[in-house]
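Listed below, chain by chain, are the residues.
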Amino acid sequence: MTLDVLAAADTISSALHDLTTDIAQSVVLVRGSMGGSGCGVIWNQPGLVITNHHVVPGRSAELTVAGGRRLVGRVIRRAPALDLAALQVDGELPPGVRVGDSDALRVGDLVLAVGNPMGERNAPSLGIIASTPHEVLRLSITLRPGNSGGALVNARGEVVGIPHMVTGSGLALAVATSTVRAFLQGADGERPGDRDQDGLRWI
Amino acid sequence: MPLSESTSGLLASLSDDLASAVERAGRSVVAVHGRNRFPASGLAWQTNQVVTAAHVLERDTDLSITTPDGERHAARLLGRDPGSDLAVLVVADDVKLQPAERATDHALAPGHLVLAVGRPGTPEPIASFGAVSSVGGAWRTAQGGVLDAYIRADVAMLPGLSGGALADVQGRIVGMLSAYLAGGDPVGIPAATIDGLAQRIASGGTLRRAYLGVSTQPVDLQDALRSRLQVAQSTGLMLLGLEPGAPAERGGLLLGDIVLAIGGRTVEDGEALQMALGPAAIDTPTSIRMIRGGELRDITLTPAPRPS
């Protein structure tokens, strides 16, 4: 093995670490007032946190930002069919994420999910885009309960999705940021279909 | 903390390379329609020949493929080897498939990054990513075949990836994927091994298939019936057609019989039936367990070689 090869692998490992610590600044822990827990992503609008509808069943949620500070977020909008909810936070939030173009993703593109799987704060999971992107992204990645509402970023560190469901076969789904944009502009999506019947479950 | 230019640049270029590798490998990955569920994948091996996983073909006729341009073409089964889970299909000469590019310049070893690329009826390929876990040789599979080499990798076996490509990060094919040989985990059959097997299948030599002359449909078994007959399986295969003069008819099987096991192997669906009719069953007296008139019956018959 040449030194160049070792150096490349080492640099990629460091890059993944940097990406994780960078995005972790903008991922919050979310505890719903009626049970449920997961993550939320500090969006690129003042006081706005995006999470999954199923993570925040109540009217408000307790958010823990990087560094451990706790804030209260009020649910200002939700779309159960899209599994999205928007929280408004009155206190000061860390900087928001850069939002990427989920429609530009290609099958095979690297993605990194940062969330709270099995209670592991800001744990990264590496995967790839598994099929052509639509309003929901299909990912080949290992996610666990606690990843819901977290950040899915591309190799440039831009958020491209909000992970929310898994199947048993190493496949997970994330709500694409194109869908989040539509949601913030007022879209509600269609009535949820029978997605549960495909062996999918919330994470 | 903003990401440095070099950090995001390196990852972005790796990401682009992977996406391009999927695209490149995908040019030789087709959809294979040979079962009632969603399609599986296949690999263009020659301009008119596709290799796929034998277990995804639940029937021997009425087969077709969808090429990357979205066109569907009829395909004929040249032969199959359930032991190594490999089957060879041929399409008309004017289809002009793009044969898989092989990775030949370096030996694959544990730790190498690989992509699994399939096309289960979707317009674009599907893919998962991982590292080679092991590369082994001379493996007797649980299905009774012998592979002279195999590759294991930690790629996620997404539904429909069987028959698809295990590719290197440049999109060159290192093997064909099977979820059948190791209980659902991915196994890659190396390209050189496929060459040998495909040649034997094409020449019809050692990979003949046993033949009963039946058409079947899986049926659910009522709980009451199962408990009365002490049968564990929840489905069996009902006989809907019997070819005149074929082994099944001569051996005394009747329309409406529900076959439960062949040669001691439970058959719950068409896939299991195909797997039970390997070359070892040809001209070998084979026990058939079935339900007839609500009672268990066992008979013995002798499968013949499949007529060409």
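Residues numbered from 1 in each chain as written. Chains lettered and ligands numbered in written order. Predicted model: local features only at pLDDT ≥ 70, side-chain atom pairs only at ≥ 80, totals over all residues.

### Some remarks on the overall build of chain B
What chain B contains, in helices and strands, is five helices and 20 strands. Dimensions of chain B, computed from C-alpha atoms along their principal axes, come out at roughly 75 × 45 × 35 Å. (Helix = DSSP H or I, 4+ residues; strand = E, 2+ residues; numbered from the N terminus.)

### Comments concerning the confidence of the model for chain A
Summarising the model, chain A shows a mean pLDDT of 88, and 90% of its residues fall at 70 or more. Here strand S13 (residues 201-202) of chain A stands out as the least confident element of chain A, with mean pLDDT 72; strand S3 (residues 48-51) of chain A is the most confident, with 98. (pLDDT = per-residue confidence, 0-100.)

### Quick word on the sheet that holds strand S5 (residues 72-81) of chain B
By way of backbone hydrogen bonds, the strands of a sheet pair with one another, either parallel or antiparallel. Residues and elements named next belong to chain B. Strand order around the closed barrel formed by six strands is S1-S2-S3-S6-S5-S4, with antiparallel pairing between neighbours. Strand-to-strand twist of the sheet, defined as the mean angle between neighbouring strand axes without regard to direction, takes the value 40°. In this structure, strand S3 (residues 49-53) lies alongside strand S6 (residues 86-90), joined through five bridges in antiparallel fashion. Within S6, the position partnered with Val 51 by the bridge is Val 88. Each of strand S2 (40-46), S3, S5 and S6 is contacted by helix H2 (residues 191-203), which is oriented at about 95° to S5, the strand it contacts most. (Pairing = 2+ DSSP bridges. Axes fitted to C-alpha atoms, helices over the stretch in contact; angles between N-to-C directions. Contact = placed C-beta atoms within 7 Å.)

### Thoughts on the interface of chain A and chain B
Every contact between the two is made by 25 residues of chain A and, on the other side, 25 residues of chain B. Counting residues per element, the ones that place at least two in the side of chain A that touches chain B are helix H1 (3-24) and strand S8 (123-129) of chain A. No other element matches H1(A), which puts seven residues into the side of chain A that touches chain B. Classifying every residue of the side of chain A that touches chain B by side-chain character gives nine nonpolar, eleven polar and five charged. (Nonpolar A, V, L, I, M, F, W, Y, C, P; charged D, E, K, R; others polar.)

### Focus: H2(B)
Residue and element names in this part refer to chain B. Taking 1.5 Å as the rise per residue, H2 with 13 residues should run 18 Å; its terminal C-alpha atoms sit 18 Å apart, in good agreement. Residues of H2 that are buried: Ala 191, Thr 193, Ile 194, Leu 197, Ala 198 and Ile 201. Seen along its axis, H2 keeps its buried residues to an arc of 140°; they face one direction. Residues of H2 that are exposed and point over 90 degrees away from its buried face: Gln 199 and Ser 203. (Expected span 1.5 Å × (residues − 1). Buried ≥ 20, exposed ≤ 12 C-beta atoms within 10 Å, placed from the backbone. Arc of directions from axis to C-beta.)

### A few points about the confidence of the model for chain B
Of all residues in chain B, 95% have pLDDT values of 70 or greater, and the mean over the chain is 90. In the predicted assembly, ipTM is 0.81 and pTM is 0.76.

### As for unusual backbone geometry
Residue and element names in this part refer to chain A. One non-glycine residue, Asp 83, adopts positive backbone phi at about 55°. With respect to the secondary-structure elements, Asp 83 resides in the loop between strand S5 (70-79) and strand S6 (84-89). A residue is classified by how many C-beta atoms lie within 10 Å of it, and Asp 83, with 26 of them, is buried.

### Quick look at the pairing of strand S1 (residues 29-33) of chain B
One face of the sheet, then the other: side chains in a regular strand alternate in exactly this way. All names here are of chain B. Where burial is concerned, most of S1 is hidden: five out of the five residues are buried. Because side chains alternate across S1, one face comprises the buried residues Val 29, Ala 31 and His 33, and the other comprises Val 30 and Val 32, equally buried. Two elements, S1 and S2, share four bridges in a ladder whose sense is antiparallel. Paired with Val 32 across the strands is Ala 40, a residue of S2. Judged from the three bridges that link them, S1 and strand S4 (residues 63-66) form a sheet pairing that is antiparallel. In the sheet register, Val 32 faces S4, and the bridge partner there is Ile 65.

### Regarding the pairing of strand S7 (residues 110-115) of chain A
All names here are of chain A. For S7, a buried count of six out of six residues is recorded, marking the element as mostly surrounded by other parts of the structure. Neither face of S7 is exposed, since Leu 110, Leu 112 and Val 114 on one face and Val 111, Ala 113 and Gly 115 on the opposite face are all buried. Here S7 runs beside S8; their pairing, made up of six bridges, is antiparallel. In the sheet register, Leu 110 faces S8, and the bridge partner there is Ile 128.

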